[in-house]
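Summary of the model geometry
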Amino acid sequence: MSSQPHYTAYHPKWYRRPVSVWWWLERWPYTKFVLRELTSLPVGYFALLTLWQVRALVEGEAAYNRFLTRLESPAFVMLNIICFAGVLFHAFTWFHLTPKAMVVRIFGKRLPDAFIIFLNYVGWIGLSAVIVLIWMRA
Amino acid sequence: MTDTITLAIARYRPEREAEPTFQEYEVPFRQDWAILDALNHVKDQLDGTLSFRWSCRMGVCGSCGMMVNGQPTLTCAAFLPSYLPGPIRVEALRFFPIVRDLVVDITDFMNKLKKVKPWIIREEEKPLSEGEYLQTPNELDRYKHHSMCINCLLCYAACPVIGLEPNFIGPAAIALAQRYNMDSRDQGAAERLSILSGDEGMWQCTFVGECTEVCPKGVDPAGAIQQYKLTGATHWLKSVLLPWASK
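Residues numbered from 1 in each chain as written. Chains lettered and ligands numbered in written order. Predicted model: local features only at pLDDT ≥ 70, side-chain atom pairs only at ≥ 80, totals over all residues.

1. Quick look at the overall build of chain B
Heads up, the rule is: Helix and strand definitions here come from DSSP, where helices need a minimum of 4 consecutive H or I residues and strands a minimum of 2 consecutive E residues; each element is numbered from the N-terminal end. Contacts here follow a simple rule: the backbone-placed C-beta atoms of the two residues must lie within 7 Å.
Secondary structure summary: chain B contains nine helices and seven strands in total. Projected onto its principal axes, the C-alpha coordinates of chain B cover approximately 70 × 40 × 30 Å. Sequence-distant contacts, at least 24 apart, represent 66% of the contacts inside chain B between residues at least 6 apart.

In structure tokens form, the structure reads like this:
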């Protein structure tokens, strides 16, 4: 107990809890949110990688082969595995958030959230299947 | 079977403490007791100096929101058996200035709430002789869940943006703005958009989504804000592409 009371009816002394810089580690939903935001970096990385690939393709066969050899180095393979995991996390967490932002009404009735999430997965699997088909035909 | 359970309650007595400290109380364990009942037992039987807000005891008034084991919780709707074996940590709602013990100051929220004009705005009221403003069940269904808000402020205590950006208008106020925007009788959407698309408005929201998770009434503030962002973005795009049409 302090000897000096610092509270009077006319000067209330509120306590404001400071927010720690580690607030995002305090609860799993916060950590998941920060991970979701950070995994936009791997998404950006793959976009840059694709641009690099296109440039190599434009420069001719030798340049493209150099590009492929570079990608085979263990460092790149590791980086790509980590970034791919990040992209999957990013995509799946956003799939599950879509119904919050997107309300679809048919004949005045709101479509269930699970159905909108399901459509995301259908779109993803469908597009992946098309890419695999093209790749197998090539 | 347990006879008692321990409550660790954050006490803040500004005349003697610089910051909250925990005090433990042993209360009878009863299956049908909510945490609020246990707090009332402490107040009535063990320590009359404990301060906290409560009123209806049935999840309607929104006064008894507190942090229970770090989670924003309506203490009249959280029952002791869910917290076995204890101790149960009870603190004042996070991100609000603490006045005393478990009582927080909500003046800031009340000001924010007023800013979003949560009432029906009409360009021109129709005369009484023309009767009521009618609404179909489908029209009611569009906003009804947003209208269930009891201002318990659990969503503010769950939102890290409120902690980091205290000016953010916040989940409940934006959900309530959206409640009126989606009401077929209302014509004030443009007025509210100009407030909510500003620096303190919806774009501060980073979509952590915890406001919706902790809401005891299914209001879904996170959904309301994201849908409002979509409206705001569409409105902005229209004003760029068709400047004459958005006038």
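2. What to know about the overall build of chain A
Where we set the bar: Counting other C-beta atoms within 10 Å of a residue's own tells you its class, since 20 or more makes it buried, 12 or fewer makes it exposed, and anything in between is partly exposed; those C-beta atoms are placed from the backbone.
The helix and strand inventory of chain A stands at five helices and two strands. Mapped from its N terminus to its C terminus, chain A presents α and β elements in the order α-α-α-α-β-β-α. By principal-axis analysis of the C-alpha atoms, chain A measures approximately 80 × 50 × 20 Å. Counting over 138 residues, chain A shows a buried share of 4%.

3. A few points about the interface of chain B and chain A
Heads up, the rule is: For this classification, Asp, Glu, Lys and Arg are treated as charged, while Ala, Val, Leu, Ile, Met, Phe, Trp, Tyr, Cys and Pro are nonpolar and the rest, including Gly, are polar.
Each partner contributes to the interface: chain B provides 26 residues, whereas chain A provides 21 residues. Among the secondary structure elements, those contributing two or more residues to the side of chain B that touches chain A are β6 (98–100), α5 (160–164), α8 (210–214) and α9 (221–241) of chain B. By residue number, the principal contributor to the side of chain B that touches chain A is α9(B), which donates five residues. Grouping the constituent residues of the side of chain B that touches chain A by class yields 12 nonpolar, seven polar and seven charged.

4. A look at the nonpolar core
All names here are of chain B. Heads up, the rule is: For the purposes of this analysis, a nonpolar core is taken to be any set of buried Ala, Val, Leu, Ile, Met, Phe, Trp, Tyr and Cys residues that are connected through C-beta atoms within 7 Å.
Grouped together as the largest cluster of nonpolar side chains are 63 residues, with contacts concentrated most on Ile35, Ala92, Leu154, Cys155 and Ile174. If one sorts the elements of this core by residue count, helix α6 (residues 171–181) sits on top with seven residues. Here Ala92 is in contact with Ala10, Met66, Met67, Ile98, Leu102, Val103 and Val104, once residues within four sequence places are set aside.

5. Some details on the pairing of strand β1 (residues 4–11) of chain B
Residues and elements named next belong to chain B. Note the cut-off: Should DSSP find at least two bridges between two strands, the strands are regarded as paired.
Pairing analysis gives eight bridges linking β1 to strand β2 (residues 21–28), with the strands arranged antiparallel. Within the sheet, the bridge partner assigned to Thr4 lies in β2 and is Pro28. Of the strand pairs in this sheet, β1 and strand β5 (residues 88–91) are connected by three bridges, and their pairing is parallel. If you follow Leu7 over to β5, its bridge partner there is Ile88.

6. Considering the confidence of the model for chain B
A low pLDDT score tells you not to read the predicted coordinates there in detail. Put simply, the rule is: Along the chain, pLDDT gives the predictor's confidence residue by residue, from 0 to 100.
The share of residues in chain B with pLDDT of 70 or more is 99%, and the mean pLDDT across the chain is 93. ipTM for the predicted complex: 0.86, alongside a pTM of 0.89.

7. Focus on unusual backbone geometry
Residues and elements named next belong to chain B. Here the bond from Leu84 into Pro85 is cis, since omega is -5°, no more than 30 degrees from zero. With respect to the element layout, Pro85 can be found in the loop between β4 (71–74) and β5. That bond from Gly86 to Pro87 is cis: its omega, -5°, falls within 30 degrees of zero. On the secondary structure map, Pro87 appears in the loop between β4 and β5. The phi torsion at Lys117 lies on the positive side, around 55°, for a residue other than glycine. Here Lys117 falls in the partly exposed class, since 16 other C-beta atoms lie within 10 Å of it.

8. Notes on the sheet that holds β1(B)
Residue and element names in this part refer to chain B. Short version of the rule: Here the axes come from fitting lines to C-alpha atoms, over the contacting stretch only for helices, and the angles between their N-to-C directions go from 0 to 180 degrees.
Reading across from one edge, β2-β1-β5-β3-β4 is the order of the five strands in this open sheet, with mixed pairing throughout. Every interior strand has two partners, whereas the edge strands, β2 and β4, have only one. Strand after strand, the sheet turns through a mean of 35° between neighbouring axes, direction not considered. Here strand β3 (residues 65–68) pairs with β4 via four bridges, running antiparallel. Each bridged residue has a counterpart across the sheet, and for Met67 the counterpart in β4 is Pro72.

9. Overview of the packing of α6(B) against α9(B)
Residues and elements named next belong to chain B. Defined as follows: The cut-offs work like this: below 35 degrees is roughly parallel, past 145 is roughly antiparallel, 65 to 115 is roughly perpendicular, and the gaps in between are oblique. Should the near helix be turned counterclockwise from the far one by less than a right angle, the crossing is left-handed, whereas a clockwise turn marks it as right-handed.
Put simply, α6 and α9 touch, their axes get as near as 8 Å, and they point 60° apart. In terms of orientation, α6 lies oblique with respect to α9. Handedness of the crossing formed by α6 with α9: left-handed. When α6 is examined against α9, the residues Pro171, Ala172, Ile174, Ala175 and Gln178 are found in contact with a partner set consisting of Pro221, Ala224, Ile225, Gln227 and Tyr228. Tallied by class, the residues present in the contact of α6 with α9 amount to eight nonpolar, two polar and no charged.

10. Some remarks on the environment of Ile81(A)
Residue and element names in this part refer to chain A. Locating Ile81 in the fold gives a position in helix α4 (residues 74–101). You can call Ile81 exposed: it has 10 C-beta atoms within 10 Å. A sequence separation of 22 residues divides Ile81 from Val103, and the C-alpha atoms of the two residues are 35 Å apart.

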